[in-house]
Amino acid sequence: MSSTHFSMTINGQAINGTETFAVENPATGKAFANAPDCTRAELDAAVAAGRAAFPGWKATPIAKRRELLNAMAGVIMQNLPELSRLLTQEQGKPHPDAEGDVGGGAFWLMESSKHEIPEHVSEDSAERHAVTRYGPIGVVAAIVPWNFPIILAAFKLGPALLAGNTVVLKPAPTTPLTTLRIGELLRGVLPDGVLNVISGSDRLGPWLTAHPGVDKVSFTGSTQTGKKVMESAAHSLKRVTLELGGNDPAIVMPDVDVEKVAEDLFWAAFRNTGQICIATKRMYIHEDVYEPLKAAFVAYAKTVKVGDGAEQGTQIGPIQNSAQYKRVLELIQDAKDNGYKFLIGGEASDVPGYFVPITILDNPPENARIVQEEQFGPVLPLLKFDNLDEVVGRANDSEYGLGASIWSSDIARAQEIATSLQAGTVWINESQHLSPHASFGGFKQSGIGVEGGQEGVLEFCQAQTVFTRKPQPAT
Ligand code: NAD
C-alpha cells in the first residue's frame, strides 16, 4: 500500500517531525508528499540512540549481525514493488531501474554480510605475540545523494553494521521517501537505535557532520560538498570516507566492432539520465571509427524513449531536481553560445517536469565546459583522437579520477592502457559494473577511501594492536 505520510526512525520509534518539507515528482515538477525536516533536537535524539545502542551491537556476535543484514535484505525484497514505485515517483527513474536500485540495495546487504573481518598476527616469537584486530568505530553518519538513493545507502549500511557500528542515515532532501519507508519497514528487525533514519532540508547535512556524537562520516555526493564535509569533520577528527564526483573518460580504440559497441557505449553515458558518478562523461573515439560510430550512436539514441519513469517503456526519465536541471541547461546553453555542433538534442523541453532531451555534441574543443566539468545529465561530448599517448594524457588531465573505460578487441593492450589511467576503477569493454567484493573509490578529487570489498569494511573499523610480552625463561 502506498502512503503519503512518512516518519523518521529514531531509536526504533516513529518520529513524525515537528517540521516538514515538500517532496516533488520530477516528472511533473509538483509536490506529492511531505517529509519530516529533522530539527536539532531530533538529530540529537538520533545520535544519542546510536551511541546508546553501540555497546550492545558491538558485543553482538558477528554471526548474528550477518543474520540481521540478511533479514533486512529480506524485508526490502518483500516490499520491492511498493518501494520501487515510490522511488520512481520521487527520483524519476524508469520503474525497472528503480527495481534495480532497491533490489541492488538488498543484494548489497546480503553480500556485505559475507565479508570477513581480519585479524593479523605480525609476530609470534619466543619473546612476544603481536596481533592487530579491527573493531567498530562508533556512530556512523551515512550521507547519500539523490541519484541512487537505496543502493548507495546499502554500500554504507552493509559494511558499517557488519563491523558493529550503529548508523544515522540521511538521504538527500529531494529523495528522502523510499529511505524513510525502508526505515519504517525495518523497525523491529534490528535492535532499537542501531539504524536511525532521518530526513531534512539543506540545513541537516552540516548539522550531522558537525555533531560531536558522530565518530565517522561516510559521504557520497559532489566533490564540492565533500570538501565541506571534510572541513567540518576535521574539528573533532571524525573519520571520513568520501565518494565524490567524476568526469569519466571512455577510450574507444580503432579495432572495435562499431555496431556491437554503440548500444553499450550509449548506456555507459545515458543510463539513469546520465546521473551516475561513474557515467561516461567524455567519449574519446579514434578517428578511424569516429564517423561510423557517431552515426550508429545517434541512430540508436533516436530509438530511446525519454519520459515519465512510471510509464511503461520509458528508458530515460527526467533530471531528478530543479537545481540539477538548471545546471544541465546552463551547460547546453554554454555549448550553444560557443557554437559547438549538436548531433541531437539541445532544445529545452516544453513539457512539465525536468526533462532534457538526449543531447550529443560533435567534437567540441577539449577546454569546453561540457568536456571539463561533470555534467551529471543526458548530455555527452564525442571527442576525436588519433594517438594513444595523447588520448591517455587528455583522459588523465582532470581533477577527477573516479572511473574510466577502454573499448577494444585487443584485451592485452587494453589492460596495459588501464595501468596508465588515473582512475579508481577501469572497465574494459563494459562500464559501471561494481561488486560488493571489490573496492571502489576515487583518485584525486574523486574521493578518499573506498567502499566495497574487505577494504570497504575496514573503513568502518579501527585497528587495535595488542603486543604481549611472553614469560621469559629465567637465565
Ligand atoms: P551533494 O553533494 O549536493 O549532496 C549529497 C548529500 O550531501 C545530500 O544528502 C545532501 O543533503 C548532503 N549535503 C549537502 N550539503 C552538505 C553539507 N554541507 N554537509 C553535509 N552534507 C551535505 O551531491 P548530489 O548533487 O546529491 O549528488 C551528485 C554528486 O554525487 C555528483 O557529483 C556525483 O558524481 C556524486 N556521486 C558520487 C558517487 C561515488 O560513489 N563516488 C556516487 C554517486 C554520486
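Side note on the side chain of Lys281
- If you trace the backbone, Lys281 turns up in strand E13 (residues 280-286).
- A distance of 2.8 Å separates a polar side-chain atom of Lys281 from the backbone oxygen of Ile276.
- Excluding residues that lie within four positions of it along the chain, Lys281 makes contacts with Gly246, Asn247, Asp248, Gly274, Ile276, Ile370, Glu374, Gln375, Phe376, Leu380 and Pro381.

Things to note about the domain arrangement of the chain
- The domain boundaries assigned to the chain delineate domain 1 (8-244 + 446-465) and domain 2 (248-428).
- Domain 1 and domain 2 are separated by 31 Å when their C-alpha centres are compared.
- Contact residues are listed per partner, giving 21 residues for domain 1 and 26 residues for domain 2.
- Summing both sides of the interface, domain 1 and domain 2 together bury roughly 1,800 Å²; the carbon and sulfur share of this comes to 54%.
- The interface formed by domain 1 and domain 2 includes zero salt bridges.
- Elements with a contribution of two residues or more to the side of domain 1 that touches domain 2: helix H3 (80-91) and helix H4 (95-112).
- Among the elements that take part in the side of domain 1 that touches domain 2, H3 stands out by supplying three residues, more than any other.
- For the side of domain 1 that touches domain 2, the per-class residue count stands at six nonpolar, eleven polar and four charged.

Looking at the site of the ligand
- Taken together, 29 residues surround the ligand, and among them Val144, Ser222, Thr225, Leu244 and Glu374 come closest.
- The contact in question runs from an oxygen atom of the ligand to an N or O atom on the side chain of Glu374, over 2.6 Å.
- Secondary structure elements with two or more residues in the shell around the ligand: helix H7 (204-210), strand E10 (216-220) and helix H8 (223-234).
- Residue composition of the shell around the ligand, by class: 16 nonpolar, nine polar and four charged.
- For the shell around the ligand, the domains that each give at least three residues are domain 1 (8-244 + 446-465) and domain 2 (248-428).

As for the packing of helix H2 (residues 62-78) against H4
- In contact at an axis separation of 8 Å, H2 and H4 are set at 165° when each is read in the N-to-C sense. Overall, the two elements H2 and H4 adopt an arrangement that is roughly antiparallel. Crossing of H2 over H4 shows left-handed handedness. Two secondary-structure elements touch here, H2 through Leu69, Asn70, Met72, Ala73, Ile76 and Met77 and H4 through Val102, Gly103, Ala106, Leu109 and Met110.
- Partitioning the contact of H2 with H4 into residue classes produces nine nonpolar, two polar and no charged.

Quick word on the pairing of strand E18 (residues 403-407)
- Counting buried positions along E18 yields five of five residues, so the element is predominantly enclosed.
- Alternating positions in E18 separate into two faces, Gly403, Ser405 and Trp407 on one and Ala404 and Ile406 on the other, with burial throughout.
- Note that the unit made of E18, helix H14 (residues 411-419) and strand E19 (residues 425-428) has a crossover that is right-handed.

Observations concerning the pairing of strand E7 (residues 139-143)
- Among the five residues of E7, five are classified as buried, and the element is accordingly described as predominantly covered.
- Taking every second residue as pointing to the same face, both faces of E7 are buried, with Val139, Ala141 and Ile143 on one and Val140 and Ala142 on the other.
- Relative to strand E8 (residues 166-170), E7 runs parallel, the two sharing five bridges. Of the residues in E8, the one forming a bridge with Ala141 is Val168.
- A crossover links E7 with its parallel partner E8, the connecting element being helix H5 (residues 149-162), and its sense is right-handed.

Considering the environment of Glu116
- Along the chain, the position of Glu116 falls in the loop between H4 and strand E5 (119-124).
- C-alpha of Glu116 to C-alpha of Val306: the two residues are 190 residues apart in sequence and 43 Å apart in space.
- Every residue in contact with Glu116, bar those within four places of it in the chain, is listed here: Arg66 and Gln454.

Criteria and thresholds
Residues numbered from 1 in each chain as written. Predicted model: local features only at pLDDT ≥ 70, side-chain atom pairs only at ≥ 80, totals over all residues. Heavy atoms only, no water. Helix = DSSP H or I, 4+ residues; strand = E, 2+ residues; numbered from the N terminus. Polar contact = N/O pair within 3.5 Å; in protein donor to acceptor, adjacent residues only side chain to side chain. Contact = heavy atoms within 4.5 Å. Domains from an automatic or database assignment. Buried area = accessible area lost by both parts, 1.4 Å probe. Salt bridge = Lys/Arg side-chain N within 4 Å of Asp/Glu carboxyl O. Nonpolar A, V, L, I, M, F, W, Y, C, P; charged D, E, K, R; others polar. Near = heavy atom within 4 Å. Axes fitted to C-alpha atoms, helices over the stretch in contact; angles between N-to-C directions. Parallel < 35°, antiparallel > 145°, perpendicular 65-115°, else oblique. Left-handed = near helix turned anticlockwise from the far one by under 90°. Buried < 20%, exposed > 50% of the residue type's maximum accessible area, 1.4 Å probe, protein only. Right-handed = clockwise from strand over helix to strand, strands pointing away. Pairing = 2+ DSSP bridges.

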